[in-house]
Amino acid sequence: MLTVRNLPDEVHRALRVRAARHGHSMEAEVREILESAVSPGGRVKLGSLLAEIGRQTRLTDDEFAVLEQVRGKAPARQVDFG
């Protein structure tokens, strides 16, 4: 169960129109919007993002070797947010 308060009138109208266009109730339309927003296809995957950053940097093998030499080799520690 979810209640959304203080939804601007123009957003409410747009949702109602969008739902009607798709032949859905407003509730079904909002459900579909939320599902697509959090689906795996809709979110950025960290590994893909890091690989793209790596491609954009265009490091040479020598530059990469320097980074490998200076990076810390200690195992990662668990983060405690509590």
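Since the structure is predicted, the reported quantities are computational estimates derived from the model, not experimental observations.

A. A look at the overall build of the chain. For the chain, the count of helices and strands is 4 helices and 0 strands. Walking the chain from its N terminus toward its C terminus, one meets helices and strands in the order α-α-α-α. For 82 residues, the compact-globule estimate of 2.2 N^0.38 gives 12 Å, and the chain exceeds it by more than 25% at 23 Å. Expressed as lengths along the three principal axes of its C-alpha atoms, the size of the chain is roughly 60 × 35 × 20 Å. A burial count over the chain gives 5% of its 82 residues as buried. Accessible surface, the chain as shown: approximately 7800 Å² in total, 57% of it carbon and sulfur.

B. View of the pattern of salt bridges. In this structure the tally under the stated criterion is 4 salt bridges. Across the pair Glu27 and Arg31 runs a salt bridge whose closest N-O atoms are separated by 3.1 Å. Linking Glu27 with Arg31, this pair stays in helix H2 (residues 26-38), spanning 4 residues, or about one helical turn. A relative accessible area of 42% places Arg31 in the partly exposed class. A salt bridge links Glu68 to Arg71; its shortest N-O distance comes to 3.2 Å.

C. Quick peek at the layout of surface pockets. Approximately 330 Å³ is the volume found for the largest pocket. Lining the largest pocket we find Leu2, Val4, Leu7, His12, Leu15, Met26, Glu27, Val30, Arg31, Leu34 and Glu35. Mapped by element, the contributors of at least two residues to the lining of the largest pocket are helix H1 (9-22) and H2. For the lining of the largest pocket, the residue count by class is 7 nonpolar, 1 polar and 3 charged.

Calculation rules
- Residues numbered from 1 in each chain as written.
- Predicted model: local features only at pLDDT ≥ 70, side-chain atom pairs only at ≥ 80, totals over all residues.
- Heavy atoms only, no water.
- Helix = DSSP H or I, 4+ residues; strand = E, 2+ residues; numbered from the N terminus.
- Rg over C-alpha atoms; globule rule 2.2 N^0.38 Å.
- Buried < 20%, exposed > 50% of the residue type's maximum accessible area, 1.4 Å probe, protein only.
- Areas by Shrake-Rupley, 256 points an atom, 1.4 Å probe, with all protein chains shown as cover.
- Salt bridge = Lys/Arg side-chain N within 4 Å of Asp/Glu carboxyl O.
- 1 Å grid on protein atoms, 1.4 Å probe; cavity = no way out; pocket = protein on both sides within 12 Å on 5 of 7 lines; lining within 4 Å.
- Points joined across faces, edges and corners; volume = space filled by probe spheres on them.
- Nonpolar A, V, L, I, M, F, W, Y, C, P; charged D, E, K, R; others polar.

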